[in-house]
Amino acid sequence: MADKKELRKLLRSRRQQYAELQAEYSKRVMEQLMQHPRFLAAETVMLYHALPDEVDTQSILQGF
């Protein structure tokens, strides 16, 4: 059985891995969105401010 120190290290590592994956997936989603014909043709676009575990919309929000 792992002690507390080892468990904390493991959890910290997994959180970091999740954060990296989430950032990469968010980047891909936003790139695809910004290339979509309906997005490009839109006069108005509404977005939400993402919660920490959702697709990060901050980059696109800052761009406008």
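Look above for the structure.
Residues numbered from 1 in each chain as written. Predicted model: local features only at pLDDT ≥ 70, side-chain atom pairs only at ≥ 80, totals over all residues. Heavy atoms only, no water.

A. Fine view of the overall build of the chain. Regarding its fold elements, the chain presents three helices and zero strands. At 17 Å, the chain has a C-alpha radius of gyration far larger than the 11 Å of a compact globule built from 64 residues. Buried residues in the chain amount to 11% of all 64 residues. In the chain, of all internal contacts separated by at least 6 residues, the share reaching a separation of at least 24 is 50%. Of the roughly 6,100 Å² that the chain leaves accessible, carbon and sulfur atoms contribute 57%. With 10 positive and 9 negative side-chain charges, the chain shows a separation of 10 Å between the mean positions of the two kinds. (Helix = DSSP H or I, 4+ residues; strand = E, 2+ residues; numbered from the N terminus. Rg over C-alpha atoms; globule rule 2.2 N^0.38 Å. Buried < 20%, exposed > 50% of the residue type's maximum accessible area, 1.4 Å probe, protein only. Contact = heavy atoms within 4.5 Å. Areas by Shrake-Rupley, 256 points an atom, 1.4 Å probe, with all protein chains shown as cover. Lys, Arg positive; Asp, Glu negative; His and termini not counted. Charge placed at Lys NZ, Arg CZ, Asp CG, Glu CD.)

B. Spotlight on the side chain of Gln22. As for its placement among the helices and strands, Gln22 is situated in helix α1 (residues 4–35). The contacts of Gln22, once residues within four sequence positions are left out, are Pro52, Asp53 and Glu54.

C. Seen up close, α1. The end-to-end C-alpha distance of α1 is 47 Å, a good match for the 46 Å that 32 residues give at a rise of 1.5 Å each. Residues of α1 that are buried include every one of Gln22, Ser26 and Met30, and no others. Residues of α1 that are buried in the fold lie against α3 (58–62). (Expected span 1.5 Å × (residues − 1).)

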